[in-house]
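Residue-level listing of the chains:
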Amino acid sequence: MFRNSCSCSPTFIKVLKWRSTKGYSGVPYVATLLNCMLWVFYGLPIVHPHSLLVVTINSAGALMEIIYISIFVTYANKRQKVETTSPKHVSLLIYDHGF
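These lines cover the structure that appears in this document, whether it is placed above or below.

Summed over all chains, the structure comprises four aromatic pairs. Centre to centre, the rings of F12 and Y29 are 5.0 Å apart; their planes meet at 70°, and the pair counts as edge-to-face. With F12 in helix α2 (residues 9-18) and Y29 in helix α3 (residues 27-43), this residue pair connects regions lying 17 residues apart in the sequence. We note that F12, like Y29, is buried. Here F12 and Y68 contribute two aromatic rings whose centre-to-centre distance is 4.8 Å and whose plane-to-plane angle is 10°, an arrangement assigned as stacked. Separated by 56 residues along the polypeptide, F12 in helix α2 and Y68 in helix α4 (residues 52-75) bring together distant segments of the chain.

Printed below as a string of structure tokens:
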């Protein structure tokens, strides 16, 4: 998961350089954040003992995704901001993809 989070870096270097999202979608970043959060929950000692590595790696991935989403929302237009941060859209993302 950590490798997937790092693969977004070139895209966000471009977003910072252009100061615009230029049509990029924020949905994959929200989906990756939800995925990391689900794995962190799975790795908790209450749910699955002795899985500190799962929690550590996915916590780092979730932190990186939060940074990416923050950058995205900063430079996105209004429609993209609503699409990325709206609870309605996030819940549709969860239910449509079967998490």
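As a further point, take unusual backbone geometry. Trans peptide bonds make up the majority, and among non-glycine residues the majority have a negative phi. Positive phi values are uncommon outside glycine, yet K22 reaches one of about 45°. Of note, K22 is situated in the loop between α2 and α3. Positive phi values are uncommon outside glycine, yet H50 reaches one of about 60°. Tracing the backbone shows H50 in the loop between α3 and α4. With a relative accessible area of 84%, H50 lands in the exposed category.

Cut-off values and rules
- Residues numbered from 1 in each chain as written.
- Predicted model: local features only at pLDDT ≥ 70, side-chain atom pairs only at ≥ 80, totals over all residues.
- Heavy atoms only, no water.
- Phe/Tyr/Trp six-rings, centres within 6.5 Å; stacked < 30°, edge-to-face > 60°.
- Helix = DSSP H or I, 4+ residues; strand = E, 2+ residues; numbered from the N terminus.
- Buried < 20%, exposed > 50% of the residue type's maximum accessible area, 1.4 Å probe, protein only.

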